[in-house]
Amino acid sequence: MENKILYYSTNRNLDNINGSLPFRRKVTFGEALLQGQAPDEGLYVPDSIPRISYEDIILLKDKPYAEAALLVTGAFLNDEIDAGILRKIIEDSYPFTIPLQKVFDRKYIMRLDRGPTASFKDFAARMMARLMGHFRDRSRRLNVLVATSGDTGSAVGEAFRGIEGIDVNILYPHDEVSERQKKQLDTIGDNVRSLSINGKFDDCQDLVKQAFSDPSLGHLNFTSANSINFGRILPQMVYYFYAYAQLCQKGEGIVISVPSGNFGNALGCEYARRMGLPVEKLVMPTNENDEFSRFLKEGEYERLSPSLACLSNAMNVGHPSNLARFFELYGGTVDRTGKVHVHPDIEAMRKNIYSVSISDEETKKCIKKTYDRYGVILEPHGAVGWRGLEVYLEQYGDFPLCVSLETAHPAKFPDEIVELLGIMPEVPDSMKGIDERKGKSLELPADYKIFKEYLIDNLKSGV
Ligand SMILES: *Cc1c(COP(=O)(O)O)cnc(C)c1O
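The written sequence of each chain sets the order in which its residues are numbered from 1. Confidence filtering applies because this is a predicted model: local features only for residues at pLDDT of at least 70, side-chain atom pairs given and counted only at 80 or more, and all residues used for totals across whole chains, interfaces and linings. Calculated side-chain values reflect all of the structure's heavy atoms, with hydrogen atoms and water omitted.

## Some thoughts on the pairing of strand S5 (residues 142-147)
Three exposure classes are used, based on accessible area relative to the maximum for each residue type with a 1.4 Å probe and protein chains only: buried under 20%, partly exposed in between, and exposed over 50%. Strands here are runs of E lasting at least two residues and helices are runs of H or I lasting at least four, both read from the DSSP assignment and numbered beginning at the N terminus. By the criterion of burial, S5 is predominantly enclosed, with six of the six residues buried. Of the two faces of S5, the one carrying Leu142, Val144 and Val146 and the one carrying Asn143, Leu145 and Ala147 are both buried. Whether two strands pair comes down to DSSP finding at least two bridges between them. Relative to strand S6 (residues 166-173), S5 is paired through six bridges, and the arrangement is parallel. Its bridge partner being in S6, asparagine 143 is matched across the sheet by aspartate 167. Regarding the hand of the β-α-β motif, the stretch spanning S5, helix H6 (residues 151-160) and S6 is right-handed. Both S5 and strand S8 (residues 222-223) contribute to a ladder of two bridges, which runs parallel. Counted as the bridge partner of asparagine 143 is phenylalanine 222 from S8. Here, the term right-handed applies to a crossover whose path from the first strand over the helix to the second runs clockwise when the strands point away from the viewer.

## A few points about the site of the ligand
If you check the shell around the ligand, you find 13 residues, and the closest are Lys121, Gly261, Asn262, Phe263 and Thr407. In protein, a polar contact means a hydrogen-donor-capable atom and an acceptor-capable atom, both N or O and within 3.5 Å, with residues adjacent in sequence counting only if both atoms are side-chain atoms; elsewhere, any N or O pair within 3.5 Å suffices. In the environment of the ligand, an oxygen atom lies 2.6 Å from a nitrogen or oxygen atom belonging to the side chain of lysine 121. Each residue gets one of three labels, nonpolar for Ala, Val, Leu, Ile, Met, Phe, Trp, Tyr, Cys and Pro, charged for Asp, Glu, Lys and Arg, and polar for the others, Gly among them. In terms of residue class, the shell around the ligand is built from five nonpolar, seven polar and one charged. If a single non-hydrogen atom of a residue is within 4 Å of a molecule or strand, that residue counts as near it.

## As for the sheet that holds S8
Hydrogen bonding along the main chain pairs the strands of a sheet, whether they run parallel or antiparallel. Across the sheet, which stays open at both edges, the five strands sit in the order S8-S5-S6-S7-S15 with parallel pairing between neighbours. Edge strands, defined here as strands with exactly one partner in the open sheet, are S8 and strand S15 (442-445). Direction of pairing for S6 relative to strand S7 (residues 192-198): parallel, over a ladder of six bridges. Residue asparagine 169 lies in a different strand from S7, and its bridge partner there is arginine 193. Residues count as neighbours in contact if any of their non-hydrogen atoms are within 4.5 Å of one another. The axes used here are C-alpha line fits, helices contributing only the stretch in contact, and every angle between their N-to-C directions lies in the interval 0 to 180 degrees. Together, S5, S6, S7, S8 and S15 form the strand contacts of helix H18 (residues 448-458), whose direction differs from that of S15 by roughly 140°.

## Some thoughts on H6
Among the ten residues that make up H6, nine are buried, leaving the element largely enclosed by the rest of the structure. Burial in H6 covers these residues: Asp151, Gly153, Ser154, Ala155, Val156, Gly157, Glu158, Ala159 and Phe160. Among the structural elements, helix H5 (121-135), S5, S6, helix H7 (179-186), S7 and helix H9 (230-233) are those in contact with the buried residues of H6. Within two residues after H6, glycine 162 carries a phi angle of roughly 80°, on the positive side.

In short, the description is geometric, and any link to function would need to be established separately.
Below is the structure:
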């Protein structure tokens, strides 16, 4: 057996980041999962990347998604988790389909929008929740606190519903979520509670941060479930293998386009290539937040602050949190503020990755054109991905096998779709009846003292 994979911090070589000492130890997957972030505010990355043979990849053809998930996540987890338990976690995580919709020739849309909250975030959140349920300290409860401005909160809340030994509190800004989103967050129920905060998203995040660093709340055993957790990256490597195996002709490469915000989804593809998937090019289109495509072109990185508000609102990011992991993989270091300490090998990056910024105007045009020409309905995030792929192919010439990701269901954006296409997208089963669901949030002011009282009075610490 090879050496066990351990995880270290992307900040391990940086002195004096926000006054904290660099964290130089390595931790197990279980520890990285429960801690979320390293103590020096760096991101955990694996110290080696397992390989999957080409023969094993193509054996996934016509197999259920769970087989792909077992092969890919098992390569990281085999030393830490029993194969039978991992299989059960996976089967429980993915009771839905992953359609590969042909657009033309061998150009496909992979629809990652059939989970319970109709966003690709279900893939990562559901598996992470079950892994946490497995790795948690059984002698005490685990309390998850999440601050959210929308889709992440409902995906995470749904993912943890019914997981034994874990309770979840979701904080969202009262005036900054849509009615539909509010309904989604308030009606999860069971072990998941929503708190409607009279303030902004930043207030919610501050409340959570203060609670995490409050020594008098240590007994509540908090954890976060946010997007920088490596436990959310791992499940996002799987669908690239799955798609390739279903669509490939033996030996060929694939171009994959991933509409990108915090770069967690695209990072899954970068790891997949390093594990042996023949990815010819990883296309990472963004909306008008163009800091990454400018960096690839000009070689100097500058975060965008504040970020721009675009139609594809889940990708409104001016400094992607997972950029630190991309830099690490290419020999560089960038910290949480966007300061570059060591430059990555940009020529190697350019060889593997292409990025382009797609304006809101182009996004709308793409939604309309793709429907008119091919009868395929895209929502704004998926349209950024598809248009990015088109731009890449226009610039570099055709490539036979291409897949672009659709990361949310069009029914989540009814106003845009009706305005552009004049039709109402069909609502997936997971979203049916949502307006009739019952449930209520607890309203709280953006005041730490009151929030703390709520936590002490309501959260459980024992089993
Ligand atoms: C979060 C999200 C994205 C961006 O994914 P990253 O991993 O942050 O790059 C794209 N589309 C939708 C619908 C999302 O919710």
